[in-house]
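As a plain string of letters, each chain reads:
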Amino acid sequence: MPPATFDATKPRYAARAWEHNGRWYRDKLKIQMWKDKVPQHIGKDGFSKAHLTDVSIEYLDEFIMETCRGEWMHLTNCICAVVVLLLNPLGVGLLFAFLILLGNVPFAVIQRYNRFRLQVLRKKRVRDLRAAAMETDPAPVSA
């Protein structure tokens, strides 16, 4: 899918009021205690999300887009839970729907949490770069 599909400024990826820019995940779900224990898949020539390898604005923008892509993919996979429920006997459907949700919802939550953190880092980097630019090339003062 085109990168524009995964634009972090779209409403579907925006923070909800109850999320408090990711603090809800930290305070209520204790995400920082378990998020690094779940497996990560990196496809061929994929984007490693284990550690920041750069703090440039371009890199952070790419990382943020990848969190949108990951969230979208995991939430889209959750639709399969509904299909499984509809096509199977209730007991089997419930079991497999639960497994599908268990295998996708935590990963979507991690993507949202990481995106909020990356957006804060990006804002700080933009601020720092502007301040550094002002120090090296201050605007002329008019008399």
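Sequence order sets the numbering: in each chain, residues are counted from 1 along the sequence as written. Local features in this predicted model are restricted to residues of pLDDT 70 or higher, and side-chain atom pairs are both shown and tallied only at a pLDDT of 80 or more, whereas totals for entire chains, interfaces and linings draw on every residue. Remark: hydrogens and water are excluded; side-chain values derive from all non-hydrogen atoms of the structure.

### Observations concerning a nonpolar patch on the surface
Put simply, the test is: A patch consists of residues exposed above 30% relative accessible area that lack any salt bridge, with like charges linked at up to 9 Å and nonpolar side chains (Val, Leu, Ile, Met, Phe, Trp, Tyr) linked at up to 5 Å. Areas reported here follow the Shrake-Rupley algorithm with a probe of radius 1.4 Å; residue values treat only the protein chains shown as occluding. Within this document, salt bridges are pairs made up of a side-chain nitrogen of Lys or Arg and a carboxyl oxygen of Asp or Glu, the two lying within 4 Å of each other. Counting from the N terminus, the helices are DSSP H or I runs at least four residues long and the strands are E runs at least two residues long. Burial classes follow relative accessibility: with a 1.4 Å probe on protein chains only, a residue under 20% of its type's maximum area counts as buried, one over 50% as exposed, and anything between as partly exposed.
Together, Val-92, Leu-95, Phe-96, Phe-98, Leu-99 and Leu-102 make up a nonpolar patch on the protein surface, roughly 570 Å² of accessible area in all. Residue position: Leu-99 is located in helix α5 (residues 90–102). Given the relative accessible area of 41%, Leu-99 is considered partly exposed.

### A closer look at the nonpolar core
Put simply, the test is: For our purposes a nonpolar core is just a set of buried Ala, Val, Leu, Ile, Met, Phe, Trp, Tyr and Cys residues, chained together by side-chain atoms within 4.5 Å.
Core analysis: the largest hydrophobic core is formed by 10 residues, namely Phe-6, Ala-8, Tyr-13, Tyr-59, Leu-60, Phe-63, Ile-64, Met-65, Cys-68 and Leu-118. Of all the elements, helix α3 (residues 57–77) adds the most residues to this core, at six residues. Core analysis: the next-biggest nonpolar cluster, separate from the first, contains six residues, Tyr-25, Ile-31, Val-109 and Phe-116 among them.

### With respect to unusual backbone geometry
For His-20, which is not a glycine, the phi torsion comes out positive at approximately 50°. As for its position among the elements, His-20 is in the segment before α1 (23–28). The class for His-20 is partly exposed, based on a relative accessible area of 43%. Here the phi dihedral of Lys-30 falls at roughly 50°; this positive angle occurs in a residue that is not glycine. Tracing the backbone through its elements, the reader meets Lys-30 in the loop between α1 and α2 (31–34). Judged by relative accessible area, Lys-30 falls into the partly exposed class, the value being 40%.

### Overview of the side chain of Thr-5
For clarity, the threshold we go by: Two residues form a contact once any of their heavy atoms are found within 4.5 Å.
Within the secondary structure layout, Thr-5 lies in the segment before α1. In this structure, Thr-5 is in contact with Lys-10 and Tyr-13, ignoring residues within four places of it in sequence.

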